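Listed below are the residues making up each chain.
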Amino acid sequence: MNILIFGPNGSGKGTQGAIIQKKYHVAHVESGGIFRQNIKGGTDLGMKAKEYIDRGELVPDSITIPMILDKLKENACSEGWLLDGFPRNVAQAEALDKALKEAKLKLDYVIEIKLDRQIAKERIMGRRLCVNDNNHPNHIAFDAIKPVEKDGKLVCRVCGGELNTRADDQDEAAIDKRHDIYYNDTTGTTAAVNYFKALSGPKFISVDGSKSIDEVSQALLSELN
Ligand code: AP5
């Protein structure tokens, strides 16, 4: 099963992606996660990507497109994949569509998580990341996934691990730029969503991201397979 997942930054793509991965055992390919791993590892790719990410800009297509297309050719993706964070503009959408056609790979589902921009911003700013597993949901503003307090410090509600914030999550100007790119329906990510929505092959699924994590995943899973 091959799936694309779209949604504004902070809408829950990573959260829902982890749930889908667990159920369907597909590879969860996260463009932002690949960049962050490279930044952590101090690679050339990471150093180049960091300056764009910190400003809330897209990493150039010349770096991002081959990185993702190569990733999809890896063995780990041979049984299916969930692509999260790519494509983010029309050029990336066209490059992906062309590469899938050339490889005779079928795209089964295109998911769009819809969320108001202000709510998405609050989700980003209150997100806390567990050092043991980024997919442990923690958010300081939602009771259901609030971190717990231990020795006067907030720790992961799932495993008690230490919590971090992402540098690009606390800079409001950078968040606004990320959302400007997402909601741009001429060349940005919304235009990429519309590109795939117009294709006749994949099933298009749109869900309301303002509901709880469980409600969103129930709505999503009921439409898959
Ligand atoms: P990326 O890592 O993709 O970050 P992002 O798009 O800004 O947002 P996320 O994907 O982290 O948010 P999310 O939708 O996964 O939300 P989450 O599930 O965490 O990209 C980072 C950067 O890399 C980009 O800015 C760009 O520079 C670069 N980049 C990446 N891809 C690129 C590309 N293709 N081309 C060029 N550059 C690229 O949820 C958010 C919070 O809300 C969490 O705390 C979660 O627990 C909570 N939450 C989730 N769902 C709910 C719910 N239903 N109710 C309550 N809380 C919820």
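Everything that follows concerns the structure shown earlier in this document.
Keep in mind that this is a model prediction, so the values were computed, not measured. Position numbers for residues start from 1 in each chain and track the written sequence from start to end. Only residues with pLDDT of 70 or above have their local features reported here, since the model is predicted, and side-chain atom pairs are shown and tallied only from 80 upward, although totals for entire chains, interfaces and linings are computed over all residues. Processing note: side-chain calculations cover all non-hydrogen atoms of the structure and skip hydrogens and water entirely.

Caption draft 1: Looking closely at the nonpolar core. The criterion is simple. A nonpolar core is a set of buried Ala, Val, Leu, Ile, Met, Phe, Trp, Tyr and Cys residues joined through side-chain atoms within 4.5 Å. Categorising residues by exposure relies on relative accessible area from a 1.4 Å probe, with only protein chains included: less than 20% of the type maximum marks a residue as buried, more than 50% marks it as exposed, and the intermediate range marks it as partly exposed. Leu4, Phe6, Val29, Trp81, Leu83, Leu96 and Phe196 are the most contacted members of the largest nonpolar core, which has 29 residues in total. Helical segments are the DSSP runs of H or I of at least four residues, strand segments are the runs of E of at least two, and each set is numbered from the N terminus. Looking at this core, the elements with two or more residues in it are strand E1 (2-6), strand E2 (27-30), helix H2 (31-40), helix H3 (44-55), helix H4 (61-72), strand E3 (81-84), helix H5 (90-102) and helix H8 (189-197). When residues in this core are grouped by element, the largest group, six residues, is from H4. Contacts were defined at the residue level, with two residues in contact if any of their heavy atoms lie within 4.5 Å. Not counting the four nearest positions on each side in its chain, leucine 83 is found in contact with Ile3, Leu4, Ile5, Val29, Ile68, Leu72 and Leu96.

Caption draft 2: Inspection of the site of the ligand at higher detail. One heavy atom suffices: a residue is near a molecule or strand as soon as one of its heavy atoms comes within 4 Å of it. Neighbouring the ligand are 34 residues, the closest being Thr15, Glu57, Arg88, Arg127 and Arg178. Separating an oxygen atom of the ligand from a side-chain N or O atom of arginine 36 is a distance of 2.8 Å. Computed with a 1.4 Å probe, the accessible areas rest on the Shrake-Rupley method; for each residue, only the protein chains presented here act as cover. Protein contacts shield 95% of the accessible area of the ligand, which totals 1,000 Å² for the unbound molecule. The leading source of residues in the shell around the ligand is H2, at four residues. Classifying every residue of the shell around the ligand gives 10 nonpolar, 15 polar and nine charged. Whenever a nitrogen or oxygen atom comes within 3.5 Å of another N or O atom, the pair is scored as a polar contact, on the condition that within protein one atom can donate a hydrogen and the other can accept it, and that pairs from neighbouring residues in sequence are kept only if both atoms are in side chains. Three classes are used: nonpolar for Ala, Val, Leu, Ile, Met, Phe, Trp, Tyr, Cys and Pro, charged for Asp, Glu, Lys and Arg, and polar for all others, with Gly counted as polar.

Caption draft 3: Looking closely at the packing of aromatic side chains. Pairing of aromatic rings covers Phe, Tyr and the six-membered ring of Trp, with a centre-to-centre limit of 6.5 Å; geometry is then stacked below 30 degrees between planes, edge-to-face above 60, and tilted otherwise. Scanning the entire structure with this criterion turns up two aromatic pairs. Taking the centre distance of 5.3 Å and the plane angle of 85° together, the rings of tyrosine 182 and tyrosine 183 count as edge-to-face. A relative accessible area of 29% places tyrosine 183 in the partly exposed class. Residues tyrosine 195 and phenylalanine 196 carry aromatic rings whose centres are separated by 5.3 Å and whose planes lie at 65° to one another, so their mutual orientation is edge-to-face. Looking at phenylalanine 196, the relative accessible area reads 1%, which means it is buried. One cation-aromatic arrangement involves arginine 55 over tyrosine 52; the distance from NZ or CZ to the ring centre is 5.4 Å. Whether a charge lies above a ring is judged from NZ of Lys or CZ of Arg, which has to be within 6 Å of the ring centre and within 35 degrees of the ring normal.

Caption draft 4: Representation of the layout of surface pockets within the structure. Only protein atoms enter the calculation, which uses a 1 Å grid: trapped sets of points that fit a 1.4 Å probe without letting it out are cavities, open sets showing protein on both sides within 12 Å along at least five of seven lines are pockets, and any residue with an atom within 4 Å of a point is a lining residue. Grid points are joined across faces, edges and corners, and a volume is the space filled by probe spheres set on the points. Reported here for the second largest pocket is a volume of approximately 250 Å³. What lines the second largest pocket is a set of 15 residues, among which Leu72, Lys73, Leu100, Ala103 and Leu105 lie closest to the centre. Secondary-structure elements contributing two or more residues to the lining of the second largest pocket are H4 and H5. No other element matches H5, which puts three residues into the lining of the second largest pocket. Here the lining of the second largest pocket is composed, by residue class, of nine nonpolar, three polar and three charged.

Caption draft 5: Focus on the packing of H5 against H8. For every element, the axis is a line fit to its C-alpha atoms; helices are fit only across the contacting stretch, and the angle between N-to-C directions ranges from 0 to 180 degrees. Contact geometry for H5 and H8: axes closest at 8 Å, N-to-C directions at 30°. Comparing the axis directions of H5 and H8 gives the class roughly parallel. Here H5 contributes Val90, Ala93, Glu94, Leu96 and Asp97 to the contact with H8, which in turn contributes Ala191, Ala192, Tyr195 and Phe196. Residues belonging to the contact of H5 with H8 are distributed by class as follows: seven nonpolar, no polar and two charged. An angle counts as roughly parallel when it lies under 35 degrees, as roughly antiparallel when it exceeds 145, as roughly perpendicular when it falls between 65 and 115, and as oblique in every other case.

Caption draft 6: Up close: the packing of H4 against H5. Two numbers describe how H4 lies on H5: the axes approach to 11 Å, and their chain directions differ by 30°. Relative to H5, the element H4 lies roughly parallel. For the crossing formed where H4 meets H5, the hand is right-handed. Only Ala91, Gln92, Ala95, Leu96 and Ala99 of H5 make contact with H4, whose side of the interface consists of Asp61, Thr64, Ile65, Leu69 and Leu72. A breakdown of the residues in the contact of H4 with H5 according to their chemical character gives seven nonpolar, two polar and one charged. For any helix crossing, the convention is left-handed if the near helix is rotated counterclockwise from the far helix by under a right angle, and right-handed if that rotation is clockwise.

Caption draft 7: Up close: helix H7 (residues 172-183). Compared with the 16 Å implied by 1.5 Å per residue over 12 residues, the 16 Å span of H7 between its first and last C-alpha is a close match. Among all positions of H7, only Ala174, Ile175, Arg178, His179 and Tyr182 are buried. Taken down its axis, H7 places every buried residue within 140° of arc, on the same side. N-cap assignment for H7: the residue whose side-chain oxygen lies 3.1 Å from the backbone N of alanine 173 is aspartate 171. To estimate how far a helix should extend, the number of its residues minus one is multiplied by 1.5 Å. It is the directions from the helix axis to the C-beta atoms that the arc portrays.

Caption draft 8: Looking closely at the sheet that holds E1. A pair of strands is considered paired only if DSSP assigns at least 2 bridges between the two. With parallel pairing, five strands are arranged side by side in an open sheet as E2-E3-E1-E4-E9. The open sheet has two edge strands, E2 and strand E9 (203-208), and neither has a second partner. Geometrically, the sheet is characterised by an average inter-axis angle of 20° between neighbouring strands, direction not taken into account. Two strands pair when backbone bridges link them, and E2 and E3 are joined in this way by four bridges, in the parallel orientation. Note on E3: the bridge partner recorded for histidine 28 is leucine 82.

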